[in-house]
Amino acid sequence: SAVISQKPSRDICQRGTSLTIQCQVDSQVTMMFWYRQQPGQSLTLIATANQGSEATYESGFVIDKFPISRPNLTFSTLTVSNMSPEDSSIYLCSVEDRLEGTGANVLTFGAGSRLTVL
Amino acid sequence: QKEVEQDPGPLSVPEGAIVSLNCTYSNSAFQYFMWYRQYSRKGPELLMYTYSSGNKEDGRFTAQVDKSSKYISLFIRDSQPSDSATYLCAMIDTGGFKTIFGAGTRLFVKA
């Protein structure tokens, strides 16, 4: 399965600032996914990033708040803009692999970026 | 109502205990059922998956699906301190490729 590197691993940010998270995959992939993991809540998909096209955002997430870049098949960035304490969370990058002999996809995740907004 | 419900715990057990982790769901279209394990400061990784109803065993781990009750379980036998992690259930329906996760249960196995 793919190996995913994410950075920063953690950061403390001031309210109103923006932070960009980078995700590097060791193989070429069509789609990359960005998730948010808040304490006590389900892992939530923010958006799907395809190379060469606009990212597709899930309900409740907008491009102005979470702009995404996907310049090539191994790299993506997620920016958390104009941060507030409610944005304090773990942000995870992932890619999918098809489970052999099935119709389902398995997700491989990076280690995550833990953001604390003061 | 959430599509997938999972008790966040924490669950604390002594070493050697049998652990039972559970999820309930509401969408009858779910066909693939997975368990991911997440260690502290790491991303989730796939532990086991099952298709439709039934049991699947892998070493000390058994995954069980009861579609009639919309209930899935993960059993860990002879639990070890190295099993201490957050366990997330996840489900995929037949039509799409979107994975729906539970909130995760934090497990602590005490030596």
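See the structure above.
Residues numbered from 1 in each chain as written. Chains lettered and ligands numbered in written order. Predicted model: local features only at pLDDT ≥ 70, side-chain atom pairs only at ≥ 80, totals over all residues. Heavy atoms only, no water.

Asks: Please clarify how the overall build of chain A should be interpreted in this entry.
Replies: Within chain A one finds 0 helices and 11 strands. Sequence-ordered secondary structure for chain A, helices as α and strands as β, is β-β-β-β-β-β-β-β-β-β-β. For chain A, the spread of C-alpha atoms along the three principal axes comes to 45 × 30 × 25 Å. Counting over 118 residues, chain A shows a buried share of 51%. Within chain A, counting contacts between residues at least 6 apart in sequence, those at least 24 apart form 53% of the total. Carbon and sulfur atoms make up 48% of the accessible area of chain A, which amounts to about 5,600 Å² in all. (Helix = DSSP H or I, 4+ residues; strand = E, 2+ residues; numbered from the N terminus. Buried < 20%, exposed > 50% of the residue type's maximum accessible area, 1.4 Å probe, protein only. Contact = heavy atoms within 4.5 Å. Areas by Shrake-Rupley, 256 points an atom, 1.4 Å probe, with all protein chains shown as cover.)

Asks: I keep staring at the state of the cysteines and nothing clicks. Help me out?
Replies: What is meant by a disulfide is a covalent connection between two cysteines, made through their sulfur atoms. Applying the stated criterion across every chain, the model contains 2 disulfides over all chains. Put simply, C23 of chain A and C93 of chain A are joined by a disulfide, and their sulfur atoms are 1.9 Å apart. Here C23 of chain A and C93 of chain A share a disulfide; its torsion about the S-S bond, -70°, makes the bridge left-handed. In this pair, C23 of chain A sits in strand β3 (residues 19-25) while C93 of chain A sits in strand β9 (residues 89-98), placing the two residues 70 residues apart along the sequence. For C23 of chain A, a relative accessible area of 0% gives the class buried. On the basis of relative accessibility, which here comes to 0%, the residue C93 of chain A falls in the buried class. Note that C23 of chain B is cross-linked by a disulfide to C89 of chain B, the S-S spacing being 2.0 Å. Disulfide C23 of chain B to C89 of chain B: torsion about the S-S bond roughly -100°, handedness left-handed. Within this pair, whereas C23 of chain B is found in strand β3 (residues 19-25), its partner C89 of chain B is found in strand β9 (residues 85-93), the two being separated by 66 residues in sequence. We classify C23 of chain B as buried; its relative accessible area is 1%. Free cysteine C13 of chain A: the closest other cysteine sulfur is in C23 of chain A, separated by 18 Å. (Disulfide = S-S within 2.5 Å.)

Asks: Help me out: how do you make sense of unusual backbone geometry in this one?
Replies: Peptide bonds are trans in most cases, and residues, glycine excluded, mostly fall at negative phi. Cis geometry is adopted by the peptide bond preceding P8 of chain A, which originates at K7 of chain A and carries an omega value of 5°. Structurally, the position occupied by P8 of chain A is in the loop between β1 (4-7) and β2 (10-13). Here the amide bond leading from G9 of chain B into P10 of chain B is cis, since omega sits at 10°, within 30 degrees of zero. As for its position among the elements, P10 of chain B is in the loop between β1 (4-6) and β2 (11-14). Despite not being glycine, S52 of chain B has its phi angle at roughly 60°, a positive value.

Asks: Would you explain the pairing of strand β10 (residues 105-109) of chain A in this entry?
Replies: A regular strand carries its side chains on alternate faces of the sheet. Residue and element names in this part refer to chain A. Buried residues dominate β10, accounting for 5 of its 5 residues. Bridge analysis of β9 against β10 gives 5 bridges, and the strand direction is antiparallel. For D97, the partnering residue across the bridge sits in β10 and is V106. (Pairing = 2+ DSSP bridges.)

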